[in-house]
Amino acid sequence: MISEERVIRSEKIYEGKVVTLRCHTVELDGQRYGKREVVEHGGGSCMIAFREDGKIPFVRQYRIATKKNLLELPAGLIEHNENPMKAAIRELSEETGLIADSAEFLVEAYTSPGFTNEKIYIFMCENPKEGEAHPDESEDLEIEYMDLDEAMHMITLGEIVDAKTIIALYAAKEMRKKHESND
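Residues numbered from 1 in each chain as written. Predicted model: local features only at pLDDT ≥ 70, side-chain atom pairs only at ≥ 80, totals over all residues. Heavy atoms only, no water.

Inspection of every chain in the model, using the stated rule, returns 18 salt bridges. As a salt-bridge pair, Asp29 and Arg6 come within 3.7 Å of each other at their nearest N and O atoms. Taken as a pair, Asp29 in the loop between β2 (19–28) and β3 (32–41) and Arg6 in strand β1 (residues 6–15) lie far apart in primary sequence, 23 residues in all. Relative accessible area serves as the criterion here: at 39%, Asp29 is assigned to the partly exposed category. Using a relative accessible area of 35% as the deciding quantity, one classes Arg6 as partly exposed. (Salt bridge = Lys/Arg side-chain N within 4 Å of Asp/Glu carboxyl O. Helix = DSSP H or I, 4+ residues; strand = E, 2+ residues; numbered from the N terminus. Buried < 20%, exposed > 50% of the residue type's maximum accessible area, 1.4 Å probe, protein only.)

Right under this line is the structure:
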């Protein structure tokens with residue numbers, strides 16, 4: 001049976017606006033010890049929105065960590081004490097201008113649990129209203145629209161490589177299939 005690692009010492013290496021980096025010394029069963037570097041993150045929310053014409057808005061933006069422009073679904077940080085669904089609706093509006101009155105929860109996932117506690121909450125909405133985008137001052141992005149089949153094909157081509165976007169697309173496809181079979 002796998003035992004829980006016990007933190008016996010924790011050192012804060014860095015604290016920033018988005019993440020905190022800690023180095024933990026852990027004890028495992030059998031008096032074994034190890035080091036664990038952990039990036040602490042407050043979590044994020046993502047929205048897959050289906051317009052009336054079936055098109056989904058994506059944002060293309062440069063991601064310095066990958067040194068590439070990535071195609072992603074609208075997403076962002078959950079602000080202090082913010083409800084994850086409200087964060088997803090807010091990010092959709094800020095990044096695309098689309099306004100959702102409500103959203104359906106799809107799934108939550110840890111982005112990379114080997115080194116971070118970041119959890120992403122993924123929601124879906126249908127027929128959002130048109131509005132005006134108002135991205136953060138430090139964001140430079142372009143909006144692109146495509147339908148679900150196109151997006152799924154772009155995953156197979158390696159043109160969509162963002163994990164939250166891939167998870168959201170597959171989850172939305174399954175949820176829509178479930179809704180159709182219930183109709």
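With a phi angle near 50°, Gln31 is a residue other than glycine that sits in the positive phi range. Within the secondary structure layout, Gln31 lies in the loop between β2 and β3. When its relative accessible area of 63% is taken as the criterion, Gln31 is described as exposed. Of note, Asn127 is a non-glycine position whose phi angle comes to about 50°, a positive value.

Further remarks concern the sheet that holds β1. Taken together, the 3 strands give an open sheet; going across it, the order is β1-β2-β3, and neighbouring strands pair in antiparallel fashion. For this open sheet the edge positions go to β1 and β3, each flanked by a neighbour on one side alone. The sheet shows a mean angle of 20° between the axes of neighbouring strands, direction not considered. Two strands pair when backbone bridges link them, and β2 and β3 are joined in this way by 10 bridges, in the antiparallel orientation. (Pairing = 2+ DSSP bridges. Axes fitted to C-alpha atoms, helices over the stretch in contact; angles between N-to-C directions.)

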